[in-house]
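# Coordinates in review
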Amino acid sequence: MAGISDDEKIGGDEAITYVISDIRGCFDKYKEMLSFIEFVPRDVLYVLGDVIDRGPDGIKILQDMMPRPNVFPLLGNHEFTAAVCLPWLMKEVSRQSLDALDEIQIAALGEWVANGGGATIRGLQELSQEEREDILEYLQEMELFAEVQAGGRSFVLLHSSLGNFSPVKKLEEYALEDFLFGRPEPNAVYYPDKTLVFGHTPTRILGGKDKIFRQKTWIDIDCGCAFKGGNLGCLCLDTMEEFYV
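Given the structure is predicted, the values throughout are model-derived calculations rather than measurements.

### A look at the confidence of the model for the protein
In this model, the protein carries a mean pLDDT of 90, and residues with pLDDT of at least 70 account for 91%. pLDDT under 50 marks residues 5-12. Its contacts with residues more than four places away, or in other chains, come to 20 contacts.

In structure tokens, the structure reads:
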């Protein structure tokens, strides 16, 4: 897992680049957002992790994203946990297989369920073995970050704020957890010439009131989609326009 370069993006001269994050199984809000922004094949959408869990339809969202060549998923901590658990969850469950689980696997499964993974596990139960394998492969191929140019600006996209930040450290030098579990300090300052865009921390915690929260060098777009009263937020990187459903 590494990063996505501009050369990998899909889109023509009129392509518009959008970012959303932390959909958390809310398929209806996801589809409503695509309709609201009039998302078409020439546009590009980056999904900054935590597509699954808490809400009931994370698997449906993944299956909608998978065939779309202009939708780029980045790994979130929930996708990471799923990717850890799925290889042995997909095996036939028996007394022998349960006895073979080690403490790390049991802890990972317990953490997943405690953080809303039950909805995703139920969704996986409705799939064929081949469909489950396709989901696992999709999760395993998700990148950790993307560097994007849009609207004359430079952006670094990732799931969480960048942990253990250093302005002289290359993105490839950060550890996995730095991309998945970082929490921004309100006065955090990152790069002077490019903006970090991430989710993971609901903006209501930062005073954003379930709207996109902007600081000078970073933007948090986790608007609490799966929580009561929360929104699914979407940011257009070309115009910096905000959309909510």
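### Overview of the packing of helix α3 (residues 77-89) against helix α5 (residues 103-125)
Between two packed helices, what matters for the description is the angle formed by their axes and the separation of those axes. Between α3 and α5, the shortest axis-to-axis distance is 9 Å and the interhelical angle comes to 90°. Relative to α5, α3 is oriented roughly perpendicular. Two secondary-structure elements touch here, α3 through H78, T81, A82, V84, C85, L86, W88 and L89 and α5 through Q105, A108, L109, W112, N115 and L124. For the contact of α3 with α5, the residue count by class is 10 nonpolar, 4 polar and no charged.

### Thoughts on the packing of aromatic side chains
Going through the model one piece at a time under the given rule, you end up with 11 aromatic pairs. With 6.5 Å between their ring centres and 75° between their planes, Y18 and F39 make a pair best called edge-to-face. Of this pair, Y18 sits in strand β2 (residues 17-20) while F39 sits in the loop between α1 (27-36) and β3 (44-47), and the two are 21 residues apart along the sequence. In terms of burial, Y18 and F39 fall into one category: buried. Each ring, one from Y18 and one from F243, has its centre 6.2 Å from the other, and the planes form 65°; the classification is edge-to-face. Of this pair, Y18 sits in strand β2 while F243 sits in strand β11 (residues 242-244), and the two are 225 residues apart along the sequence. Grouping residues by exposure puts Y18 and F243 together as buried. Members of the aromatic cluster, joined through ring pairs, are Y18, F36, F39 and F243. Sitting over the ring of Y244, K211 keeps its end group 5.0 Å from the ring centre.

About the criteria used
Residues numbered from 1 in each chain as written. Predicted model: local features only at pLDDT ≥ 70, side-chain atom pairs only at ≥ 80, totals over all residues. Heavy atoms only, no water. pLDDT = per-residue confidence, 0-100. Contact = heavy atoms within 4.5 Å. Axes fitted to C-alpha atoms, helices over the stretch in contact; angles between N-to-C directions. Helix = DSSP H or I, 4+ residues; strand = E, 2+ residues; numbered from the N terminus. Parallel < 35°, antiparallel > 145°, perpendicular 65-115°, else oblique. Nonpolar A, V, L, I, M, F, W, Y, C, P; charged D, E, K, R; others polar. Phe/Tyr/Trp six-rings, centres within 6.5 Å; stacked < 30°, edge-to-face > 60°. Buried < 20%, exposed > 50% of the residue type's maximum accessible area, 1.4 Å probe, protein only. Lys NZ or Arg CZ within 6 Å of the ring centre and 35° of its normal.

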